[in-house]
Amino acid sequence: MKLRHAIERPTRRAALRAARLLRAGRLVAFPTETVYGLGADATSDRAVAGIYAAKRRPRHNPLIIHVASLAEARRLARFDARAEALARAFWPGPLTLVLARRAGARLSRLASAGLRTVAIRIPDDRVALDLLRRTGRPLAAPSANRSGGVSPTRAAHVRLSLGGRVSLILDGGPCRVGVESTVLDVSSPRARLLRPGGVPLETLEATIGAIEVDSATTEEARPASPGRLLSHYAPQRPVRPGASEPRAGEAYLAFGRTNQPATLNLSPTGNLAEAAANLFAMLQALDRPEFSAIAVAPIPQRGLGRAINDRLKRAAAPRR
Ligand code: TXA
Ligand code: MG
């Protein structure tokens, strides 16, 4: 097939083609409000295997299942009152719920890496929802980048990272939120935060009360969220978070008002939502040979800052 038109605007025609490709077991990258996803038919082991191959993702790391409605989600997993409340409050939106998988759910075992739980969300993006409805199947979709690399918030990032490995990239423009969904495990009585993301912890706690924060890292043999490997979200250049000033040769990614020579600024006004939306694109932009490293200003550990700091810590972690 021709790759000339691999990136397409999400017209009706492109969406129809994307849905047809997905139903045929092919991979399609699509925008969500968080980051671009690499989508495959979540009911097909063969299609899902294609995701792991294209990303070079370890097979023990399960995928998020995207659906278009709460009714569809209920067919795949069991919702207790707390999960219902969360879904009603935050879906569509950047919250992924880890729930007990229903026996007989029509879902590839590979997609949830053989676990008894399944991670589900409804994305808050017109193109993604339209694609889900047209395809008529749940879609497994990790971030559309090589495993370990910086997540894509633009269609061009997807092409750079995965290029010819995907049948089609739907271009919905820059992602609004810019960091991945918050992953919350509600499969047991104690809710646990597995990955900080687009919905701040404080906001979730206002809905369901105290949440345990998972401090697991990959040093553990079996991390609670298997995707929380060290060294993730990493550009080629080393990343140095918490830097109040750059060292000679470093790029400086500032935050808020600063007297330092900023190469780029995540948010000149110190707005965390703006900083999250800019994070991955700016890390990509600064990943250039003229810099020895990317120094990043301290980011407050509240609201979306928690997700930003999590990604920076992993980008700075020892490389695999
Ligand atoms: O915003 C997002 O969530 C994006 C967009 C495309 O929706 N997707 C995304 O997927 O970030 P991915 O595969 O890069 O991250 C999925 C995370 C991983 O940390 C994985 O380990 C965790 O969710 N996860 C998936 N299924 C799980 C399960 N059953 N139990 C615990 N963690 C799970
Ligand atoms: Mg990812």
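To be clear, the structure that these remarks concern was listed above.
Presented here is a report on the structure given in the accompanying data block. Note that this is a predicted model, so its numbers are computed, not measured.

Let's shift gears to the pattern of salt bridges. Two side chains that carry opposite charge are able to pair once their charged atoms sit near each other. Applying the stated criterion across every chain, the model contains 17 salt bridges. Here aspartate 171 ties to arginine 9 by a salt bridge, and the two come within 3.8 Å at their closest N and O atoms. Highlighted residues: aspartate 171 in the loop between strand 9 (168–170) and strand 10 (182–185) and arginine 9 in the loop between strand 1 (7–8) and helix 1 (12–23), separated in sequence by 162 residues. What makes aspartate 171 buried here is its relative accessible area of 18%. Residue arginine 9 is classed as exposed on the basis of its relative accessible area of 54%. Here the salt bridges do not stand alone but share partners, grouping Glu180, Asp310, Arg311 and Arg314 into one network.

So, on to unusual backbone geometry. The linkage connecting tryptophan 91 with the following residue, proline 92, adopts the cis geometry, with an omega of -10°. With respect to the helices and strands, the residue proline 92 is situated in the loop between helix 4 (81–90) and strand 6 (95–101). In this structure, arginine 56 is a non-glycine residue whose phi angle is positive, near 55°. On the basis of relative accessibility, which here comes to 54%, the residue arginine 56 falls in the exposed class.

Cut-offs applied
- Residues numbered from 1 in each chain as written.
- Chains lettered and ligands numbered in written order.
- Predicted model: local features only at pLDDT ≥ 70, side-chain atom pairs only at ≥ 80, totals over all residues.
- Heavy atoms only, no water.
- Salt bridge = Lys/Arg side-chain N within 4 Å of Asp/Glu carboxyl O.
- Helix = DSSP H or I, 4+ residues; strand = E, 2+ residues; numbered from the N terminus.
- Buried < 20%, exposed > 50% of the residue type's maximum accessible area, 1.4 Å probe, protein only.

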